[in-house]
Amino acid sequence: MNSDPSSFPHYAKLPFSINLPQLTPEQCSEARFLASYNPFKDERGLTYYQADQYQRDVVLSIVPPSLHSRVEEVSLCRILGGAAPHRDHDCQSKINFYLKTGDARTIYFKDPGVDGISYHNDSRRHIFSIKEHRLRRVSEFQAQAGEVFLLDTSQIHCVAMADDAERHMVTISFRADFSDVLKEVTSYEAVLPAELRRH
């Protein structure tokens, strides 16, 4: 269930529903590995791969040209077993195209006003502990396959799911504020090829 984010506008469901094929293990093995984040110290966490040109062209078709210069990366993301509370350190906002959801929930927390912990001795202290930092939940959503959401990744959020579940998505990372991207995207009339529209 999606809670009302009106007083904490951390995410927005966009008026698109795109029929992209699910991410496969073969596709990951052929794609260029970008990064992996695994603060759980086991097999769970996030792994990013380079999106191919077709995927890049499809997802950028909903983004107005005025934002293209502020795109940091277009990538494939595989999440296994969830993601700890964190702020994204490499972008301010993201558009996620959900291919497989794993019944995951994205949960946002109130900023505790203190630094988090570093990941693998990284100087950026952007990982948080719900118990240690006394995080308080403020909003959440549960995306369905084919849905598209814009997220404020500068705010503390996590992905909650079963340990053996997977979430797959194609994601656009922006060097731009959530509010700026939301305004630009929602005022832009994107035209999608018929074969990519979900009915």
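Small disclaimer: the values here were computed from a predicted structure and weren't measured.

Visitor: What's the story with the overall build of the protein in this structure? I'm lost.
Guide: Counting its regular elements, the protein contains four helices and eleven strands. By residue count, 48% of the 199 residues in the protein fall in the buried class. Considering only intrachain contacts with a sequence separation of at least 6, the fraction spanning at least 24 residues in the protein is 84%. A total accessible area of about 10,200 Å² is found for the protein, and carbon and sulfur atoms account for 48% of it.

Visitor: Where do I start with the nonpolar core in this structure?
Guide: Considering soluble globular proteins, one finds that nonpolar side chains tend to be buried as a cluster. By size, the foremost hydrophobic cluster in this structure holds 28 residues, and its most contacted members are Ile62, Ile95, Phe97, Ile172 and Phe174. Secondary-structure elements contributing two or more residues to this core are strand E1 (11–17), helix H2 (53–60), strand E4 (71–80), strand E6 (93–100), strand E9 (147–152), strand E11 (166–174) and helix H4 (178–186). Each residue touching phenylalanine 97, except ones within four places of it in the same chain, is listed here: Ile18, Val59, Ile62, Glu147, Val148, His168, Met169, Val170 and Ile172.

Visitor: Help me understand the packing of aromatic side chains, please; the structure alone is not making it clear to me.
Guide: How two aromatic rings sit relative to each other is set out by the distance from centre to centre and by the angle between their planes. The final tally for this structure, using the stated rule, is six aromatic pairs. Measuring from ring centre to ring centre gives 6.4 Å for tyrosine 11 and phenylalanine 149, while their planes differ by 50 degrees; the resulting arrangement is tilted. With a gap of 138 residues between them, tyrosine 11 in strand E1 and phenylalanine 149 in strand E9 connect regions that are remote in the sequence. Here tyrosine 11 falls in the buried class, since its relative accessible area comes to 7%. Centre to centre, the rings of tyrosine 98 and phenylalanine 149 are 6.1 Å apart; their planes meet at 75 degrees, and the pair counts as edge-to-face. Of this pair, tyrosine 98 sits in strand E6 while phenylalanine 149 sits in strand E9, and the two are 51 residues apart along the sequence. The structure contains a cluster of three or more aromatic residues connected by ring pairs, namely Tyr11, Tyr98, Tyr108, Phe141 and Phe149.

Visitor: Can you walk me through the sheet that holds strand E5 (residues 83–86) in this structure?
Guide: Two orientations exist for strands paired in a sheet by backbone hydrogen bonds: parallel and antiparallel. Strands sit in the order E5-E10-E7-E8 across an open sheet of four strands; the sheet is antiparallel. Edge positions in the sheet fall to E5 and strand E8 (137–141), since each has one partner strand and no second. Direction aside, the axes of adjacent strands within the sheet are offset by 20 degrees on average. Pairing of strand E7 (residues 105–109) with E8 involves four bridges; the strand directions are antiparallel. Opposite phenylalanine 109, over in E8, you have arginine 137 as the bridge partner.

Visitor: It is not clear to me how the pattern of salt bridges should be interpreted in this structure. Could you clarify?
Guide: Two side chains that carry opposite charge are able to pair once their charged atoms sit near each other. Under the counting rule described, the total for this entry stands at seven salt bridges. Between glutamate 147 and lysine 13 there is a salt bridge whose closest N-O contact spans 2.8 Å. In this pair, glutamate 147 is assigned in strand E9 and lysine 13 in strand E1, connecting sequence segments 134 residues apart. A salt bridge links lysine 94 to aspartate 88, with the shortest nitrogen-to-oxygen separation between them at 3.1 Å. Residue lysine 94 is classed as buried on the basis of its relative accessible area of 5%. Among the residues examined, aspartate 88 registers a relative accessible area of 13% and is labelled buried. Put simply, Arg105, Arg137 and Glu140 are held in one network by salt bridges that share partners.

Quick notes on the rules
- Residues numbered from 1 in each chain as written.
- Predicted model: local features only at pLDDT ≥ 70, side-chain atom pairs only at ≥ 80, totals over all residues.
- Heavy atoms only, no water.
- Helix = DSSP H or I, 4+ residues; strand = E, 2+ residues; numbered from the N terminus.
- Buried < 20%, exposed > 50% of the residue type's maximum accessible area, 1.4 Å probe, protein only.
- Contact = heavy atoms within 4.5 Å.
- Areas by Shrake-Rupley, 256 points an atom, 1.4 Å probe, with all protein chains shown as cover.
- Core = buried A, V, L, I, M, F, W, Y, C linked by side-chain atoms within 4.5 Å.
- Phe/Tyr/Trp six-rings, centres within 6.5 Å; stacked < 30°, edge-to-face > 60°.
- Pairing = 2+ DSSP bridges.
- Axes fitted to C-alpha atoms, helices over the stretch in contact; angles between N-to-C directions.
- Salt bridge = Lys/Arg side-chain N within 4 Å of Asp/Glu carboxyl O.

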